[in-house]
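Fold and geometry: a report
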Amino acid sequence: HLNPMEKNECCSLRVGNCRSKGGASGFKVAILGAAGGIGQSLSMLMKMNPLVSVLHLYDVVNTPGVTADISHMDTAAVVRGFLGQKQLEDALIGMDLVIIPAGVPRKPGMTRDDLFNINAGIVKTLCEAIAKCCPKAIVNLISNPVNSTVPIAAEVFKRAGTYDPNRLLGVTMLDVVRANTFVAEVLGLDPREVDVPVVGGHAGVTILPLLSQVKPPCSFTPKEIVYLTERIQNGGTEVVEAKAGAGSATLSMAYAAVKFADACLRALRGDAGIIECAYVDSKVTELPFFASKVRLGRGGVEEFFPLGPLNDYEREGLEKAKKELAVSVEKGISFARK
Ligand code: NAD
Ligand code: LMR
């Protein structure tokens, strides 16, 4: 693997007691797609996370440079780089958490589903290696279309005999982050004080913010409800259009991914009361996968929260979301079973 520090004789002489080796405690985290737009910022932010002792950066391009760069940060996590398919298994052995932002992003005019043909195969290959090398790891799946890639990952793990539905989480945190931001703007609050549950999935109408359940309790006019719901559902497209062909959200996504990964790591450590929204294997609705509030613990998802009372607008949104989600889930499952 590509660990610039381990190439250096002076460091390796003292590696047994060198602080830069990282503490004995802490978690081992791999990022697959680490050299990409999300991957680079995510790698930097995970290097800053005190819960991480070892950080493996894997991509099919550019990991030597990204690894050299990030490894100079004076934080405890030891960084190692892995380049190309031949090094994928080494990147994964022993990992507690695997975060996957690998795959192509949207350009203006595309839907997330338009990414399926390329990203489905990428996710399948990466998950086959996870099943082989770190079957007990928590997986945070970011690659789009999340509504289909999570069912693909589940099928791959089932086929390998390693599937633990509680350990596979589709990352919808960016929808929550956006919802908190936009709602705070309307209410004139600090976004850090706002908590908006966002359920369903991660594409268009499947993104369903439950504005009737915002904390702190508040009320919106019908106009505000339509504005906020549509803005949250189109947040990704807003960024894709503003970037005008240069990709989709990377910086806010890296922030959201780290917020979510940190919640998973705190849960793995045994912290109580970690509740986040995620797209998971679920019995909250009749659909096999659904995003909702879940409680995270040492085993991954440990409790599912019901959707709670919905108003007419949200009930209508839920029906639209379920219709589209059912198609996306089926598309993922049939791809993986082929
Ligand atoms: P990017 O093109 O900048 O980076 C993707 C990286 O994946 C590249 O470095 C590429 O080399 C790498 N990659 C490609 N094939 C790979 C493979 N087989 N193994 C390992 N790495 C591989 O794209 P980005 O902007 O970082 O977006 C990545 C993905 O995340 C896209 O699918 C995008 O739609 C998705 N995304 C999801 C959310 C979400 O909320 N879940 C938010 C933003 C973006
Ligand atoms: C997002 O919500 O920003 C991501 O899913 C990327 C995209 O294509 O919109």
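Residues numbered from 1 in each chain as written. Chains lettered and ligands numbered in written order. Predicted model: local features only at pLDDT ≥ 70, side-chain atom pairs only at ≥ 80, totals over all residues.

Keep this limit in mind: UniProt positions are given in the numbering used here, feature names are shortened, and annotations may be inferred rather than shown by experiment.
Going by an unreviewed UniProt entry, the protein carries the name Malate dehydrogenase and comes from Lupinus albus. Regarding the protein, the UniProt comment filed under Catalytic activity (unreviewed entry) reads as follows: "(S)-malate + NAD(+) = oxaloacetate + NADH + H(+)". We quote the UniProt Subunit (unreviewed entry) comment for the protein here in full: "Homodimer."

Some words on the site of ligand 1
In plain terms, the rule: Working rule for contacts: place C-beta from the backbone, and if it is within 6 Å of a molecule or strand, that residue counts as near it. In this text, helices come from DSSP runs of H or I with a minimum length of four residues, and strands from runs of E with a minimum of two, each type numbered from the N-terminal end. Under the convention adopted here, Pro, Cys and the residues Ala, Val, Leu, Ile, Met, Phe, Trp and Tyr are nonpolar, Asp, Glu, Lys and Arg are charged, and Gly plus all remaining residues are polar.
By nearness alone, 33 residues border ligand 1, and Gly36, Gly37, Ile38, Ala102 and Asn144 come closest of all. Counting only elements with at least two residues in the shell around ligand 1, the list comes to helix H3 (37–47) and helix H6 (116–133). Among the elements that take part in the shell around ligand 1, H6 stands out by supplying four residues, more than any other. Within the shell around ligand 1, the residues separate by chemical class into 18 nonpolar, 13 polar and two charged.

As for the packing of helix H8 (residues 173–187) against helix H11 (residues 251–269)
The test is simple: Note on geometry: axes are lines fitted to C-alpha atoms, helical ones only across the stretch in contact, with angles between N-to-C directions running from 0 to 180 degrees. To sort the angles, those under 35 degrees are grouped as roughly parallel, those over 145 as roughly antiparallel, those from 65 to 115 as roughly perpendicular, and the leftovers as oblique. The contact criterion used is a C-beta to C-beta distance within 7 Å, with each C-beta placed from the backbone.
Interhelical geometry of H8 versus H11 gives an angle of 110 degrees and a closest axis separation of 8 Å. With respect to each other, H8 and H11 are oriented roughly perpendicular. Here H8 contributes Met173, Leu174 and Val177 to the contact with H11, which in turn contributes Ser252, Met253, Tyr255, Ala256, Ala257, Lys259 and Phe260. The residue makeup of the contact of H8 with H11, split by class, is eight nonpolar, one polar and one charged.

Considerations on the site of ligand 2
Taken together, Pro105, Arg106, Arg112, Asn144, Leu174, His202, Gly235, Gly236, Val239, Val240, Ser248 and Ala249 form the complete shell of residues around ligand 2. If you tally residues by element for the shell around ligand 2, the top one is helix H10 (residues 235–243), at four residues. Here the residues of the shell around ligand 2 sort into five nonpolar, five polar and two charged.

Digging into the packing of H3 against H11
A pair of packed helices can be characterised by two numbers: the angle between their axes and the separation between those axes. The cut-off we apply is this: Throughout, a crossing is termed right-handed when the near helix is turned clockwise from the far one, and left-handed when it is turned anticlockwise from it by less than a right angle.
Two elements in contact, H3 and H11, have axes whose closest approach is 8 Å; the angle formed by their N-to-C orientations is 40 degrees. On the basis of the axis angle, H3 is oblique to H11. Judged by the twist between their axes, the crossing of H3 over H11 is right-handed. Side by side, H3 and H11 meet where Ile38, Ser41, Leu42, Leu45 and Met46 of the first sit next to Leu251, Met253, Ala254, Ala257, Val258 and Ala261 of the second.

Notes on H8
Threshold: For a helix, the expected span equals 1.5 Å multiplied by the residue count minus one. Remark: C-beta atoms are placed from the backbone, and a residue is labelled buried if 20 or more other C-beta atoms sit within 10 Å of its own, exposed if 12 or fewer do, or partly exposed between those counts.
Here H8 contains 15 residues, and its C-alpha end-to-end distance of 21 Å stays within 8% of the 21 Å for a straight helix at 1.5 Å per residue. Among the residues making up H8, those that are buried are Met173, Leu174, Asp175, Val176, Val177, Arg178, Ala179, Asn180, Phe182 and Val183. Those residues of H8 hidden inside the fold are in contact with strand S7 (198–200), strand S8 (207–209), helix H9 (222–233), H10, H11 and strand S9 (274–281). A positive backbone phi angle near 70 degrees is found at Gly188, which sits one or two residues after H8.

Notes on unusual backbone geometry
With an omega of -5 degrees, the peptide bond between Asn144 and Pro145 qualifies as cis. With respect to the helices, strands and loops of the structure, Pro145 is situated in the loop between strand S5 (138–141) and helix H7 (146–160). The peptide bond linking Lys215 to Pro216 adopts the cis configuration, its omega dihedral lying at 0 degrees. Looking at the secondary structure, you find Pro216 in the loop between S8 and H9. The backbone of Asn62 sits at a positive phi, close to 65 degrees, despite the residue not being glycine. With respect to the element layout, Asn62 can be found in the loop between strand S2 (52–59) and helix H4 (63–71). Even without glycine at this site, Ala244 takes up a positive phi of about 50 degrees. Positionally, Ala244 belongs in the loop between H10 and H11.

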